[in-house]
Amino acid sequence: MKKITLLLAIVCSLGLFAEQKNGIVYVKAGATGTGASWSDALGDIHSAILLAKADNLHRKDVWVGSGNYAIQTVLVMADSVNVYGGFAGTETDLAERAKVAGGKPWEFVNVSVLTAGDTCRVVETSQNFDMPTTFGGFTLTNGKGRGKQLNNSGGAAVVRGNMILLNCIVKNSVTAGNGGGINMTGGVVRQCWIYGNTSQTGTGGGGGVYANPASPVTATIEDCQINANFSGVRGGGINMQGTGMTYCTNLKIFNNRALATGAVNKPGGAIYTNTGNNIIKNCLIYNNSGASAIYINGGNLYNNTIVKNVGGIYMAGNTVNTI
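Predicted, not measured: the structure shown is a model, and the values here were computed from it.

### Details of the packing of aromatic side chains
Tallied over the full model, the rule gives 11 aromatic pairs. When the centroid spacing of 4.1 Å and the interplanar angle of 20 degrees are considered together, the rings of Trp 193 and Tyr 195 count as stacked. By way of ring pairs, the aromatic residues Tyr 26, Trp 38, Trp 63 and Phe 87 are connected into one cluster. The residue whose ring lies beneath Lys 99 is Phe 108, and the NZ or CZ to ring-centre distance is 4.8 Å.

### Section: the nonpolar core
In terms of nonpolar packing, the biggest core is built from 57 residues, with Val 62, Phe 135, Leu 165 and Ile 182 touching the most fellow members. Among the elements that line this core, the one with the most residues is helix H2 (residues 45–52), at 4 residues. Once residues within four sequence positions are removed from consideration, Leu 165 is found in contact with Phe 135, Val 159, Val 170, Ile 182, Val 188, Val 189, Arg 190 and Cys 192. With 6 residues, the next largest nonpolar core counts Tyr 26, Trp 38, Ala 41 and Tyr 84 among its residues.

### Comments concerning the side chain of Asn 304
By the element assignment, Asn 304 lies in the loop between strand S30 (294–302) and strand S31 (305–307). Judged by its relative accessible area of 0%, Asn 304 is buried. A polar atom in the side chain of Asn 304 sits 2.8 Å from the backbone nitrogen of Cys 283. Here the side chain of Asn 304 touches Tyr 302 through a polar contact of 2.9 Å, landing on its backbone oxygen.

### Some thoughts on the sheet that holds strand S17 (residues 198–199)
Overall, mixed pairing links the 5 strands, which are arranged S13-S17-S21-S25-S26 in an open sheet. Bordering the open sheet on either side are strand S13 (174–175) and strand S26 (264–265), each of which pairs with just one other strand. Inspection of the sheet shows S13 paired to S17 by 2 bridges, in the parallel sense. When the bridges of S17 are listed, Val 174 appears paired with Thr 198.

### A look at the pattern of salt bridges
Side chains that carry opposite charge are capable of pairing whenever their charged atoms lie near each other. Applying the stated rule across the entire model yields 2 salt bridges. A salt bridge links Glu 124 to Arg 121; the nearest nitrogen and oxygen atoms lie 2.5 Å apart. Arg 121 carries the same exposure label as Glu 124, and that label is buried. A salt bridge links Glu 222 to Arg 190; its shortest N-O distance comes to 2.5 Å. Note that Glu 222 is positioned in strand S19 (residues 218–222) and Arg 190 in strand S15 (residues 187–190), a separation of 32 residues in sequence. You can call Arg 190 partly exposed: its relative accessible area is 27%.

### Digging into the environment of Cys 168
Its location among the elements puts Cys 168 in the loop between strand S11 (163–166) and strand S12 (169–171). In this structure Cys 168 comes out as buried when scored by relative accessible area, which is 0%. For the pair Cys 168 and Glu 107, spaced 61 residues apart in sequence, the C-alpha separation works out to 8.4 Å. Beyond its immediate sequence surroundings of up to four residues, Cys 168 is in contact with Trp 106, Phe 135, Gly 136, Gly 137, Phe 138, Leu 140, Gln 191, Cys 192 and Trp 193.

Cut-off values and rules
- Residues numbered from 1 in each chain as written.
- Predicted model: local features only at pLDDT ≥ 70, side-chain atom pairs only at ≥ 80, totals over all residues.
- Heavy atoms only, no water.
- Phe/Tyr/Trp six-rings, centres within 6.5 Å; stacked < 30°, edge-to-face > 60°.
- Lys NZ or Arg CZ within 6 Å of the ring centre and 35° of its normal.
- Core = buried A, V, L, I, M, F, W, Y, C linked by side-chain atoms within 4.5 Å.
- Buried < 20%, exposed > 50% of the residue type's maximum accessible area, 1.4 Å probe, protein only.
- Helix = DSSP H or I, 4+ residues; strand = E, 2+ residues; numbered from the N terminus.
- Contact = heavy atoms within 4.5 Å.
- Polar contact = N/O pair within 3.5 Å; in protein donor to acceptor, adjacent residues only side chain to side chain.
- Pairing = 2+ DSSP bridges.
- Salt bridge = Lys/Arg side-chain N within 4 Å of Asp/Glu carboxyl O.

Structure follows, in structure tokens:
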């Protein structure tokens, strides 16, 4: 009986510890508080992330209210510190954030806009995380592809293993190198709208997304809309490289271009992939233009709808079952 009582005490104490493990640091545009509540919110997201990760055993989440936030130096994510936007500033539960009725997953009633300064990107991770960590519910704009690392790459964001970019709009960002919108070396981009981004002259390209995971890491892009992105090298929508796998599913990819200076079409107006580990499935790909709409040299392309593109499909060493 004593053993059972002791076991119950241990279980209860563990449950209490788990409940206490995460708290919240609150941020509102223009606020000057401590971050302890919505009425006492911080005004700076950088400071909120530092505060949330201050105790390694009791890391907190960061909730960011609606408004416009100027990002003058890149936001560096911390392992296990989730950062969420899209709040009115009264919510007590993440599920209370209001979405646009009948809208897309990235359409919030209360919009948190993160605008990068003249030279920086908006957000990045410095390494693969140990735990899945989410950055979600934001509009990322005006990124210039510079941060603490991978400069001239990843216009708005750098995503590494176990980071999840969720319900975000990534728009109007530019880099001279790879990944006009996003550079991925792993992690997940889910239910995001990626549009109007530019990769200018880098060796890899990827106007919307550049994915380059190293084995055994996987990069996943799912349930996203990727349109109106541009690459001056290749991969107007997405460029996939690396020894790891990039898994793309349920994407809507349209109106992207791969076009070099002098109006020379380049490969992969929609998608460019040059490794055998990638999977592209259940995607709708249309109205993209380049020397090829899809350039796939290894990997798997199946159960997709590919219509009304300029450039056709270049295939080598891949499995194809596509409509």
